[in-house]
Amino acid sequence: EAAVTQSPRNKVAVTGGKVTLSCNQTNNHNNMYWYRQDTGHGLRLIHYSYGAGSTEKGDIPDGYKASRPSQENFSLILELATPSQTSVYFCASGDGTGIEQYFGPGTRLTVL
Amino acid sequence: QQQVRQSPQSLTVWEGETAILNCSYENSAFDYFPWYQQFPGEGPALLISILSVSNKKEDGRFTIFFNKREKKLSLHIADSQPGDSATYFCAAKGGGADRLTFGKGTQLIIQP
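So, a few notes on the structure that sits alongside this text.

Criteria and thresholds
- Residues numbered from 1 in each chain as written.
- Chains lettered and ligands numbered in written order.
- Predicted model: local features only at pLDDT ≥ 70, side-chain atom pairs only at ≥ 80, totals over all residues.
- Heavy atoms only, no water.
- Helix = DSSP H or I, 4+ residues; strand = E, 2+ residues; numbered from the N terminus.
- Rg over C-alpha atoms; globule rule 2.2 N^0.38 Å.
- Core = buried A, V, L, I, M, F, W, Y, C linked by side-chain atoms within 4.5 Å.
- Buried < 20%, exposed > 50% of the residue type's maximum accessible area, 1.4 Å probe, protein only.
- Contact = heavy atoms within 4.5 Å.
- Phe/Tyr/Trp six-rings, centres within 6.5 Å; stacked < 30°, edge-to-face > 60°.
- Pairing = 2+ DSSP bridges.
- Axes fitted to C-alpha atoms, helices over the stretch in contact; angles between N-to-C directions.
- Buried area = accessible area lost by both parts, 1.4 Å probe.
- Salt bridge = Lys/Arg side-chain N within 4 Å of Asp/Glu carboxyl O.
- Polar contact = N/O pair within 3.5 Å; in protein donor to acceptor, adjacent residues only side chain to side chain.

## Some thoughts on the overall build of chain B
Moving on, step 1. Across its full length, chain B holds 0 helices and 11 strands.
Moving on, step 2. Counting from the amino terminus, helix and strand elements in chain B follow one another as β-β-β-β-β-β-β-β-β-β-β.
Moving on, step 3. In terms of overall size, chain B behaves like a compact globule, its C-alpha atoms giving a radius of gyration of 13 Å where 112 residues would be expected to give roughly 13 Å.
Moving on, step 4. Taken along its principal axes, the extent of the C-alpha atoms in chain B is 40 × 30 × 20 Å.

Here's what the structure looks like:
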């Protein structure tokens, strides 16, 4: 069974609305990450976490918040969604060594 | 500032040929270089990786060549198969950080 799951898999939101993307991992990893993937930009790190209660800013954190309420769950929150946040979002988990990150299947978000 | 660069952006080779994907980096502190493979509709997955103390790493048909002096590495896929068609990301880690910096990816198409 998949170790990193994301929900929803697809989401259409309106400009100015609030969007929450959820991620769950069963790897018992301390670290979790949120990336967005856009054509021509590859994978860019938005926020990451070292454990429950911890969130850190990545390379492109503006317009996003993150929440890590437990070891297993890591959410990405768009308080006021904008069309520029239309993208595919990936969650990943890692054991903290950085040797390998395990990615979820992605969430396709469209902001109209 | 793009710290990890990949070329070409897109590559088409015939089945059975060797595909060569290139990567370069700027940060001398990077000491670990994984390559991730991503199929359409899925998250990336670790394919093969190399530490900066090595100049070559093989895993079946996949080989990484690493040149520390020039800050360059390449992924060679021998006897390419249509199932190898995917996007390949070069990534880098170093300086004690556990986060990865990804390149923009190379889309590889294997023509039967």
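Next comes the rest of the write-up.
## Concerning the nonpolar core
Moving on, step 1. Counting residues in hydrophobic clusters, the biggest one holds 25 residues, and the most contacted among them are B:Trp35, B:Leu73, B:Leu75 and B:Tyr88.
Moving on, step 2. Taken together, the elements giving at least two residues each to this core come down to strand E2 (10-14), strand E3 (19-25), strand E4 (30-38), strand E5 (45-51), strand E7 (62-67), strand E8 (72-77), strand E9 (86-94) and strand E11 (106-111) of chain B.
Moving on, step 3. Sequence-distant contacts of B:Leu73, defined by excluding residues within four places in its chain, comprise B:Leu21, B:Asn22, B:Cys23, B:Tyr25, B:Phe33, B:Trp35, B:Ile64, B:Phe65, B:Phe66 and B:Cys90.
Moving on, step 4. Within the second largest apolar cluster, 18 residues are counted, among which are A:Val19, A:Leu21, A:Tyr64 and A:Leu78.

## Considering the packing of aromatic side chains
Moving on, step 1. By the definition in use, this model includes 16 aromatic pairs over all chains.
Moving on, step 2. Ring geometry for A:Tyr35 versus B:Phe102: centroids 5.5 Å apart, planes at 90 degrees, classification edge-to-face. With A:Tyr35 in strand E4 (residues 31-38) and B:Phe102 in strand E10 (residues 101-102), this residue pair bridges two chains. B:Phe102 matches A:Tyr35 in its accessibility class, with the two residues each being buried.
Moving on, step 3. Within the aromatic cluster, the residues linked to one another by ring pairs are A:Tyr33, A:Tyr35, A:Tyr48, A:Tyr50, A:Phe90, A:Phe103, B:Tyr36, B:Phe89 and B:Phe102.

## Quick word on the pairing of E7(B)
Remark: a regular strand shows side chains that alternate across the two faces of the sheet.
Residues and elements named next belong to chain B.
Moving on, step 1. One ladder, built from 4 bridges, connects strand E6 (residues 56-59) with E7; its direction is antiparallel. Bridge assignment links Lys 57 to a residue of E7, and that residue is Ile 64.
Moving on, step 2. Linking E6 back to E7 in an antiparallel pair, the connection comprises 2 residues, with Gly 60 at a positive phi of about 65 degrees.
Moving on, step 3. With 6 bridges joining them, E7 and E8 adopt antiparallel strand pairing. Among the inter-strand pairings, Ile 64 is bridged to a residue of E8, identified as Leu 75.
Moving on, step 4. The turn joining E7 and E8, which pair antiparallel and follow one another in sequence, is formed by 4 residues; a positive phi near 55 degrees is taken by Lys 71.

## Remarks on the sheet that holds E3(B)
Residues and elements named next belong to chain B.
Moving on, step 1. Judged by pairing direction, the sheet is antiparallel, and its 5 strands sit side by side in the order E1-E3-E8-E7-E6 without closing on themselves. Each edge of the open sheet is held by one strand with a lone partner, namely strand E1 (4-7) and E6. Pairwise comparison of adjacent strand axes, ignoring direction, gives a mean angle of 15 degrees for this sheet.

## Things to note about the interface of chain A and chain B
Moving on, step 1. In this complex, chain A contributes 24 residues to the contact, which on the side of chain B involves 16 residues.
Moving on, step 2. Approximately 1600 Å² of surface area, both sides summed, lies buried where chain A meets chain B, with 51% of it carried by carbon and sulfur atoms.
Moving on, step 3. When the buried surface of chain A facing chain B is broken down by residue, A:Leu43, A:Ile99 and A:Phe103 rank first, second and third, together holding 27% of it.
Moving on, step 4. For the pair chain A and chain B, the interface holds 1 salt bridge.

## Points about the side chain of A:Gln101
Residue and element names in this part refer to chain A.
Moving on, step 1. Looking at where Gln 101 falls in the secondary structure, it is placed in strand E10 (residues 101-103).
Moving on, step 2. For Gln 101, a relative accessible area of 1% puts it in the buried group.
Moving on, step 3. Side-chain polar atoms of Gln 101 contact the side chain of Tyr 35, separated by 2.7 Å.

## Let's talk about the pattern of salt bridges
Moving on, step 1. What the rule picks out here adds up to 8 salt bridges over all chains.
Moving on, step 2. Salt-bridge contacts for A:Arg44 lead to A:Asp38; the nearest nitrogen and oxygen are separated by 2.9 Å.
Moving on, step 3. Judged by its relative accessible area of 25%, A:Arg44 is partly exposed.
Moving on, step 4. Assessed through its relative accessible area of 15%, A:Asp38 is described here as buried.
Moving on, step 5. Across the salt bridge formed by B:Glu26 and B:Arg5, the nearest N and O atoms sit 2.4 Å from each other. Here B:Arg5 lies in strand E1 and B:Glu26 lies in the loop between E3 and E4, a separation of 21 residues in the sequence.
Moving on, step 6. Judged by its relative accessible area of 39%, B:Arg5 falls in the partly exposed class.
Moving on, step 7. It is possible to trace a salt-bridge network through shared partners that takes in A:Arg36, A:Asp38 and A:Arg44.

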